[in-house]
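Geometric and topological summary
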Amino acid sequence: MFLLHEYDIFWAFLIISSVIPILAFIVSGVLAPISEGPEKLSSYESGIEPMGDAWLQFRIRYYMFALVFVVFDVETVFLYPWAMSFDVLGVSVFIEAFIFVLIPIVGLVYAWRKGALEWS
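In this text the structure is predicted, and so the values were computed from the model without any measurement.

What counts and how
- Residues numbered from 1 in each chain as written.
- Predicted model: local features only at pLDDT ≥ 70, side-chain atom pairs only at ≥ 80, totals over all residues.
- Heavy atoms only, no water.
- Helix = DSSP H or I, 4+ residues; strand = E, 2+ residues; numbered from the N terminus.
- Buried < 20%, exposed > 50% of the residue type's maximum accessible area, 1.4 Å probe, protein only.
- Contact = heavy atoms within 4.5 Å.
- Areas by Shrake-Rupley, 256 points an atom, 1.4 Å probe, with all protein chains shown as cover.
- UniProt positions renumbered as here; feature names shortened; annotations may be inferred.
- Lys, Arg positive; Asp, Glu negative; His and termini not counted.
- Salt bridge = Lys/Arg side-chain N within 4 Å of Asp/Glu carboxyl O.
- pLDDT = per-residue confidence, 0-100.
- Axes fitted to C-alpha atoms, helices over the stretch in contact; angles between N-to-C directions.
- Parallel < 35°, antiparallel > 145°, perpendicular 65-115°, else oblique.
- Nonpolar A, V, L, I, M, F, W, Y, C, P; charged D, E, K, R; others polar.
- Phe/Tyr/Trp six-rings, centres within 6.5 Å; stacked < 30°, edge-to-face > 60°.
- Expected span 1.5 Å × (residues − 1).

**With respect to the overall build of the protein chain**
Helix and strand counts for the protein chain come out as 5 helices and 0 strands. When the elements of the protein chain are put in sequence order from the N terminus, they spell out α-α-α-α-α. Across the 120 residues of the protein chain, 5% fall into the buried class. Restricting the contact set of the protein chain to residue pairs at least 6 apart, pairs at least 24 apart contribute 51%. For the protein chain, the computed accessible surface area is about 11100 Å², with 73% contributed by carbon and sulfur atoms.

**Some remarks on the UniProt feature "transmembrane region" (unreviewed entry) in the protein chain**
When the UniProt feature table is mapped onto this chain numbering, "transmembrane region" (unreviewed entry) sits at residues 12-34, 62-83 and 89-112. For residues 12-34, helix accounts for 87% and strand for 0%, while the C-alpha atoms at its two ends are 35 Å apart. Along residues 62-83 one finds 100% helix and 0% strand; the C-alpha atoms at either end are 31 Å apart.

**So, the side chain of Glu75**
Along the polypeptide, Glu75 turns up in helix 3 (residues 60-84). As a buried residue without a salt bridge, Glu75 has its nearest oppositely charged side chain in Arg113, at a separation of 18 Å. Sequence-distant contacts of Glu75, defined by excluding residues within four places in its chain, comprise Phe100, Val101 and Pro104.

**A few points about the confidence of the model for the protein chain**
Within the protein chain, residue pLDDT values average 83, and 83% of them lie at 70 or more. Helix 1 (residues 8-31) holds the highest mean pLDDT among the elements of the protein chain, 93, whereas helix 2 (residues 38-41) holds the lowest, 69.

**Topic: the environment of Val68**
Counting through the fold element by element, Val68 comes out in helix 3. By relative accessible area, Val68 is classed as partly exposed at 24%. Spatially, the C-alpha atom of Val68 lies 9.4 Å from that of Leu117, the residues being 49 residues apart in sequence. Those residues in contact with Val68, other than ones at most four positions away along the chain, are Leu108 and Leu117.

**Description of the packing of helix 3 against helix 5 (residues 91-114)**
How two helices sit against one another is set out by the angle between their axes and by the gap between those axes. Direction vectors running N to C along helix 3 and helix 5 enclose 175°, while the axes themselves pass 11 Å from each other. Here helix 3 lies roughly antiparallel to helix 5, going by the angle between them. Between helix 3 and helix 5, the residues in contact are Val68, Val71, Phe72, Glu75, Phe78, Leu79 and Trp82 and Val93, Phe94, Ala97, Phe100, Val101, Pro104, Ile105 and Leu108, respectively. The residue inventory of the contact of helix 3 with helix 5, partitioned by class, reads 14 nonpolar, no polar and 1 charged.

**Regarding the packing of aromatic side chains**
Applying the stated criterion across every chain, the model contains 3 aromatic pairs. Centre to centre, the rings of Phe10 and Trp11 are 5.0 Å apart; their planes meet at 65°, and the pair counts as edge-to-face.

**What about helix 5?**
End to end, helix 5 covers 35 Å across 24 residues, agreeing with the expected 34 Å (1.5 Å per residue, within 8%). Among all positions in helix 5, only Ala97, Pro104 and Ala111 are buried. For helix 5, the elements touching its buried residues are helix 3. Positive backbone phi, approximately 85°, marks Gly115, located one or two places after helix 5.

Right, here's the structure in full:
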């Protein structure tokens, strides 16, 4: 039989972890001073008048490098628990992890050959 009381700690954790951020937003909204003025509405609040338009176009190359970094960074986060329990898991999991690493590397080689990572 499916017993719901076994999940009491899960529900308590879920409720507490949902209530704390909501309370933080409510308390900060109540206690924060409201001061709107020309300095608050300017693009930069450093005291220097902004020159030109605040909207700048960035080259797509910056985003390509950021995406490559994020892909390999997230992959490292997923591989860390696997590496910690490698001796228990066996060879089949090693092959799966190798394929998991190989897919982004193939994507990186493809992007490199297409010239997407050139900084010119």
